[in-house]
Amino acid sequence: MRSKTPQHVVIVAFDGSLEMSIAIPRDMFFAANRASRGQDKYAADHQEKRVQVVTQDGKPVTTFNGSQLLPDASIADVHDPDLIIISGIWSDITNFLPGHGKVIAWLRQHHAEGVPIASLHSGAFLLAEAGLLDGKVATTYWQVEEEFRARYPKVLAAHQWLESNFSSDFLMEELADKVGLGLRSFMRRFKKATGDTP
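About the criteria used
- Every residue gets a number counted from 1 within its own chain, in the order that chain's sequence is written.
- Two thresholds apply to this predicted model, a pLDDT of at least 70 for residue-level local features and 80 or more for giving and counting side-chain atom pairs, whereas whole-chain, interface and lining totals are computed over all residues.
- No hydrogens and no water enter the side-chain calculation; it runs on all heavy atoms of the structure.
- Two rings belonging to Phe, Tyr or Trp (six-membered ring only in the last case) form a pair when the distance between their centres is within 6.5 Å. Interplanar angles under 30 degrees mark stacking, angles over 60 mark edge-to-face geometry, and anything in between is tilted.
- The numbering of helices and of strands both runs from the N terminus, where a helix is a DSSP run of H or I of at least 4 residues and a strand a run of E of at least 2.
- Relative accessibility under 20% of the residue-type maximum defines a buried residue, over 50% an exposed one, and the middle range a partly exposed one, all with a 1.4 Å probe and only protein chains included.
- Without a salt bridge and with relative accessible area above 30%, a residue can belong to a patch; like charges are then joined within 9 Å and nonpolar side chains (Val, Leu, Ile, Met, Phe, Trp, Tyr) within 5 Å.
- Using a 1.4 Å probe, the Shrake-Rupley method yields the accessible areas, and only the shown protein chains count as cover for residues.
- Within this document, salt bridges are pairs made up of a side-chain nitrogen of Lys or Arg and a carboxyl oxygen of Asp or Glu, the two lying within 4 Å of each other.

Chemist: Describe the packing of aromatic side chains, with residues and values.
Modeler: Enumeration according to the criterion identifies 7 aromatic pairs in this entry. On the basis of an interplanar angle of 55° and a centroid distance of 5.3 Å, the ring pair of phenylalanine 64 and tryptophan 90 is categorised as tilted. Remark: tryptophan 90 occurs in the loop between strand S6 (83-86) and helix H2 (93-96) and phenylalanine 64 occurs in the loop between strand S3 (61-62) and strand S4 (68-69); sequence separation between them is 26 residues. Residues phenylalanine 125 and tyrosine 152 carry aromatic rings whose centres are separated by 5.9 Å and whose planes lie at 70° to one another, so their mutual orientation is edge-to-face. With phenylalanine 125 in helix H4 (residues 124-129) and tyrosine 152 in the loop between helix H5 (145-151) and strand S9 (156-157), the pair connects residues that are 27 residues apart, well separated along the chain. Tyrosine 152 matches phenylalanine 125 in its accessibility class, with the two residues each being buried. An aromatic cluster of three or more residues is present, and its members are Phe64, Trp90, Tyr141 and Trp142.

Chemist: Describe a nonpolar patch on the surface, listing the residues and the values that go with them.
Modeler: Nonpolar side chains collect at one region of the surface, where Met20, Ile24 and Met28 lie side by side and expose about 340 Å² of accessible area between them. Looking at where methionine 28 falls in the secondary structure, it is placed in helix H1 (residues 20-36). Classification of methionine 28 as exposed rests on a relative accessible area of 54%.

If you want it as structure tokens, here you go:
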């Protein structure tokens, strides 16, 4: 059954973020929230801020393509998110991470509270830096995958997991466990996302 309550989705943006990794999920979740309430998903409602773009300090950021992005709030202003999305970063990650300790601590806090957290592109570095991907299968942008694997040896790159498991007869229970879900939840989400059973 579809929720009639709009989801509070928070997208975290940074200097050097890929703008599409902010704009696409923002638009998709905005439309989904409207549709979940039975409203015209094509009608604009700019008063609704259930999908927020935030930055570490609430100040504007410059995306990778040079666009200035004015956030809705800072991470400190976020209350009760249903989902957090870390935007993709097009920057030297070694120089990037030390300046974002507040975001990393904030992610740990919300993860401990049970808030689902996702990332796009190279945003996985922040999740791994927070320790949220230890012992899990993860993906990142292919050009930084080698650096990701070297920096976070406790995280299993998705292609490594697939290469070592896809040809074997693995059970759905194992796959569900790898993504942190029970079998019934995994099967239901897979069917909902793909329209097929696994």
